[in-house]
Amino acid sequence: MVKLEEVPDEELDRPQAGPELEDDWDTDTGSDTTLSFSPAPSSAPRISHPCPPTDSDISEDSSDEIPDESLTDRIAALRDVIPPQQRRFLSSTFSSASSWFKTGLGWGGKTLWVVSTSALLLGVPWALAFAEEQQMVEMEREMKMQQSANEVSSPLRVRWMARIA
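For clarity, every value in this text was computed on a predicted model and none was experimentally measured.

**Q** Help me understand the overall build of the chain in this model?
**A** For the chain, the count of helices and strands is four helices and zero strands. Relative to its full complement of 165 residues, the chain shows a buried share of 0%.

This is the structure:
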């Protein structure tokens, strides 16, 4: 059995930087309203820095507080937080979902392989034959146009030759 012990955090007990009196936050100098406030108790600690900490101060402070534990250590620590019955349920759900995902990827890869190789083996020769057939049809069309142009121009030549002679 695990025994839990609460450890007080020193950061929470440290005083915050900022004005000590509530009136110090008021920046509206032209206001007609008067604020009533009670002075801070004499037991309140005095802040030695008049301005809030800068980004460099914060980054220096936070770099000292980084624990030497990895992400896997933190995830392993969650084992104590989640009850065993829920851990078994999550584990079985995750393993079945990952199994379905792996099976789907396997089938998808095999299907993609069959489709792509079939397209290459059947589609490329068909496309080449189709392009060759289109060239042949175009050449026949050009030859017919040349023949019809020759037939149209040949009677004119005969007439022209007859006039010259």
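**Q** Could you clarify how one ought to interpret the packing of aromatic side chains in this entry?
**A** The relation between two aromatic rings is expressed through the spacing of the ring centres and the mutual angle of the planes. Taken as a whole and judged by the stated rule, the model has one aromatic pair. Ring centres 5.4 Å apart and planes at 15 degrees place the aromatic pair tryptophan 126 and phenylalanine 130 in the stacked group. Taken as a pair, tryptophan 126 and phenylalanine 130 lie in helix H4 (residues 84-164) at a separation of four residues, close to a single helical turn. Classification of tryptophan 126 as exposed rests on a relative accessible area of 57%.

**Q** Please explain the confidence of the model for the chain as it appears in this structure.
**A** The predicted coordinates of low-pLDDT regions are not to be read in fine detail. Scored by pLDDT, the chain comes out at a mean of 78, with 64% of its residues at no less than 70. Here helix H2 (residues 55-64) stands out as the least confident element of the chain, with mean pLDDT 53; H4 is the most confident, with 90.

**Q** Looking at this structure, how should I read the pattern of salt bridges?
**A** When their charged atoms lie close together, side chains carrying opposite charge are able to pair. With the rule as written, the count across this model stands at two salt bridges. The partner of arginine 74 in a salt bridge is glutamate 69, and the shortest N-O contact between them spans 3.0 Å. By relative accessible area, which is 46% here, arginine 74 ends up partly exposed. Relative accessible area serves as the criterion here: at 41%, glutamate 69 is assigned to the partly exposed category. Linking glutamate 138 and arginine 141 is a salt bridge whose minimum nitrogen-to-oxygen distance equals 2.9 Å.

**Q** Help me understand a nonpolar patch on the surface in this model?
**A** A contiguous nonpolar patch, built from Leu71, Ile75, Leu78 and Val81 and spanning about 420 Å² of accessible area, is present on the exposed surface. Along the chain, leucine 71 turns up in helix H3 (residues 71-77). Exposure remark for leucine 71: the relative accessible area of 63% places this residue in the exposed category.

Conventions adopted
Residues numbered from 1 in each chain as written. Predicted model: local features only at pLDDT ≥ 70, side-chain atom pairs only at ≥ 80, totals over all residues. Heavy atoms only, no water. Helix = DSSP H or I, 4+ residues; strand = E, 2+ residues; numbered from the N terminus. Buried < 20%, exposed > 50% of the residue type's maximum accessible area, 1.4 Å probe, protein only. Phe/Tyr/Trp six-rings, centres within 6.5 Å; stacked < 30°, edge-to-face > 60°. pLDDT = per-residue confidence, 0-100. Salt bridge = Lys/Arg side-chain N within 4 Å of Asp/Glu carboxyl O. Patch = residues over 30% accessible without salt bridge, like charges linked within 9 Å, V, L, I, M, F, W, Y side chains within 5 Å. Areas by Shrake-Rupley, 256 points an atom, 1.4 Å probe, with all protein chains shown as cover.

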